[in-house]
Amino acid sequence: MTRHPASRSRRRALRTLAQSAALTPLVAAWPPLAGAQTLPATPSCGANDPPTASQTEGPFYKRSTPQRSSLIEPGVTGDRLVITGFVLTTDCKPVPGAVLDFWQADAKGQYDNDGFRLRGHVLADAQGRYRVETIIPGGYPGRTRHIHVKVQPPGGRVLTTQLYFPDEPGNQRDGIYSPALQMALTRGAEAAQGSFNFVLRRA
Ligand SMILES: [Fe+2]
């Protein structure tokens, strides 16, 4: 298959990005989760990759969430999930300092509308990487499992979207579900590992 030269150069840039990410000691500063993958997967951007699609915010967003690496508070039960990935521009440049603000239902499909249980934000690091610990949410009437997120580059426009899980029977019954917003998911000994790269339009 013939590749556009720009695509090759992007892949080279991403390889360099991933290699430098693998050597960065900042990883050690992340809270440990025994047995869990701590590095996001190598990003893959093609010449014609579209920016990440926006989706409805829904009724449960709350502002002023805490900045924290784990959304799990005491009393929260459910299957552990670690989500990692990159925040990139459409030309595959990392977006350091991007804010990723997550909110989601608990394992029973309930949102905490009083406090900030399963709500919180993290920042992308110097290589554009992010990592957040949470649980796999339950679905609720009319909705398959999903995690809401707002992604904002420094000084830039907010992307509001949702992340989905593969192989969910509810996906095909949910009119909002989009396969383009599905995480790659693997099951680990301690936690499931979700991976998703956000691609933002340049300002
Ligand atoms: Fe929701």
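Residues numbered from 1 in each chain as written. Predicted model: local features only at pLDDT ≥ 70, side-chain atom pairs only at ≥ 80, totals over all residues. Heavy atoms only, no water.

Q: So, the sheet that holds strand 2 (residues 99–103): which residues are in play, and what are the values?
A: Two strands in a sheet stick together by hydrogen bonds in their backbones, pointing the same way (parallel) or opposite ways (antiparallel). If you trace the 4 strands from one edge of the open sheet to the other, you get 3-2-5-6, paired in antiparallel fashion. What marks the edges here is a single partner per strand, and that holds for strand 3 (119–123) and strand 6 (159–164). Each strand axis lies, on average, 25° off the axis of its neighbour in the sheet, ignoring direction. The sheet contact formed by strand 2 and strand 3 spans 5 bridges and is antiparallel. (Pairing = 2+ DSSP bridges. Helix = DSSP H or I, 4+ residues; strand = E, 2+ residues; numbered from the N terminus. Axes fitted to C-alpha atoms, helices over the stretch in contact; angles between N-to-C directions.)

Q: Break down the packing of aromatic side chains for me, with residues and values.
A: A ring pair, where both rings are aromatic, is described by two values, the distance of the centres and the angle of the planes. Throughout the structure, instances matching the rule amount to 7 aromatic pairs. On the basis of an interplanar angle of 35° and a centroid distance of 6.2 Å, the ring pair of Phe-102 and Tyr-130 is categorised as tilted. Of the two residues, Phe-102 is situated in strand 2 and Tyr-130 in strand 4 (residues 129–135); the sequence distance between them amounts to 28 residues. Given a relative accessible area of 1%, Phe-102 falls into the buried group. Note on Tyr-111 and Tyr-140: the rings are 5.6 Å apart at their centroids and 75° apart in plane angle, and the pair reads as edge-to-face. Linking Tyr-111 in the loop between strand 2 and strand 3 with Tyr-140 in the loop between strand 4 and strand 5 (146–152), this pair joins segments that are 29 residues apart in sequence. For Tyr-111, a relative accessible area of 10% gives the class buried. Above the face of the Phe-116 ring, Lys-62 is positioned so that its terminal group lies 4.3 Å from the ring centre. The ring of Tyr-61 has Lys-150 sitting right over it, with the charged end atom 4.8 Å from the ring centre. (Phe/Tyr/Trp six-rings, centres within 6.5 Å; stacked < 30°, edge-to-face > 60°. Buried < 20%, exposed > 50% of the residue type's maximum accessible area, 1.4 Å probe, protein only. Lys NZ or Arg CZ within 6 Å of the ring centre and 35° of its normal.)

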